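# Architecture and fold: a report
One letter stands for each residue in the lines below.
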Amino acid sequence: QVQLVESGGGLVQAGGSLRLFCAASGRTFSRNVMGWFRQATGKEREFVAGITRSGGATAYADSVKGRFTISRDNAKNTVYLQMNSLKPEDTAVYYCAGRYSDYDVIIRSSYEYDYWGQGTQVTVSS
């Protein structure tokens, strides 16, 4: 069982930056594929970024490509989301998700993740 706790959200002006943190409990973190999702008010949860177990490969939604960077530190049981050049449309609750996997893959579908954090609010003002 893995428990995930996000932090780092807040209020920022358009063009600013935030770094989100997702701290995981459990000894099997390095065997988990990880992802970041977001859900704006009145909208469905959407994929933001994903990373393989090793951290050797990443993937991004087109809307954040070139602005956001996902990374992980398996020694610290932590996954990060660096968000630069933030836009008002990035405003949402951001969730960290994980799934135990035997393969070093990226998962984009929220339905395939087993573990979720409680979410952290990101608000970008214009």
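Use the structure listed above.
Predicted, not measured: the structure shown is a model, and the values here were computed from it.

### Regarding the overall build of the protein
- In terms of helices and strands, the protein carries 0 helices and 11 strands.
- The order of helices and strands in the protein, counted from the N terminus, is β-β-β-β-β-β-β-β-β-β-β.
- In terms of overall size, the protein behaves like a compact globule, its C-alpha atoms giving a radius of gyration of 13 Å where 126 residues would be expected to give roughly 14 Å.
- With the C-alpha coordinates aligned to their principal axes, the bounding extent of the protein is approximately 45 × 25 × 25 Å.
- Look at the contacts in the protein between residues 6 or more apart in sequence, and 60% of them connect residues 24 or more apart.
- Summed over its atoms, the accessible surface of the protein is roughly 6500 Å², and 45% of this surface lies on carbon and sulfur atoms.

### A short note on the packing of aromatic side chains
- On inspection of all chains with the given rule, the structure shows 6 aromatic pairs.
- Pairing Phe37 with Phe47 gives two aromatic rings, centres 5.7 Å apart and planes at 75 degrees, and the pair type is edge-to-face. Of this pair, Phe37 sits in strand E4 (residues 32-39) while Phe47 is found in strand E5 (residues 46-51), placing the two residues 10 residues apart along the sequence. Grouping residues by exposure puts Phe37 and Phe47 together as buried.
- Between the aromatic rings of Phe37 and Tyr113, the centroid separation amounts to 5.4 Å while the plane-to-plane angle is 80 degrees, which identifies the pairing as edge-to-face. Of this pair, Phe37 sits in strand E4 while Tyr113 sits in the loop between strand E9 (92-100) and strand E10 (115-116), and the two are 76 residues apart along the sequence.
- You can call Phe37 buried: its relative accessible area is 1%.
- Grouped by ring-pair contacts, the aromatic residues Phe37, Phe47, Tyr95, Tyr113 and Trp116 constitute a single cluster.
- Above the face of the Trp116 ring, Arg45 is positioned so that its terminal group lies 4.7 Å from the ring centre.

### Some points on unusual backbone geometry
- Its identity is not glycine, yet Asn77 carries a phi of approximately 55 degrees, on the positive side.
- Looking at the secondary structure, you find Asn77 in the loop between strand E7 (68-73) and strand E8 (78-83).
- Since its relative accessible area comes to 19%, Asn77 is described here as buried.
- The phi torsion at Ser85 lies on the positive side, around 50 degrees, for a residue other than glycine.
- Relative to the helices and strands, Ser85 resides in the loop between E8 and E9.

### Description of the pairing of strand E1 (residues 4-7)
- By the alternation rule, side chains of E1 split into Leu4 and Glu6, which are all buried, and Val5 and Ser7, of which none is buried.
- In this structure, E1 lies alongside strand E3 (residues 18-24), joined through 4 bridges in antiparallel fashion. Counterpart to Glu6 in the pairing with E3 is Cys22.

Conventions and cut-offs
Residues numbered from 1 in each chain as written. Predicted model: local features only at pLDDT ≥ 70, side-chain atom pairs only at ≥ 80, totals over all residues. Heavy atoms only, no water. Helix = DSSP H or I, 4+ residues; strand = E, 2+ residues; numbered from the N terminus. Rg over C-alpha atoms; globule rule 2.2 N^0.38 Å. Contact = heavy atoms within 4.5 Å. Areas by Shrake-Rupley, 256 points an atom, 1.4 Å probe, with all protein chains shown as cover. Phe/Tyr/Trp six-rings, centres within 6.5 Å; stacked < 30°, edge-to-face > 60°. Buried < 20%, exposed > 50% of the residue type's maximum accessible area, 1.4 Å probe, protein only. Lys NZ or Arg CZ within 6 Å of the ring centre and 35° of its normal. Pairing = 2+ DSSP bridges.

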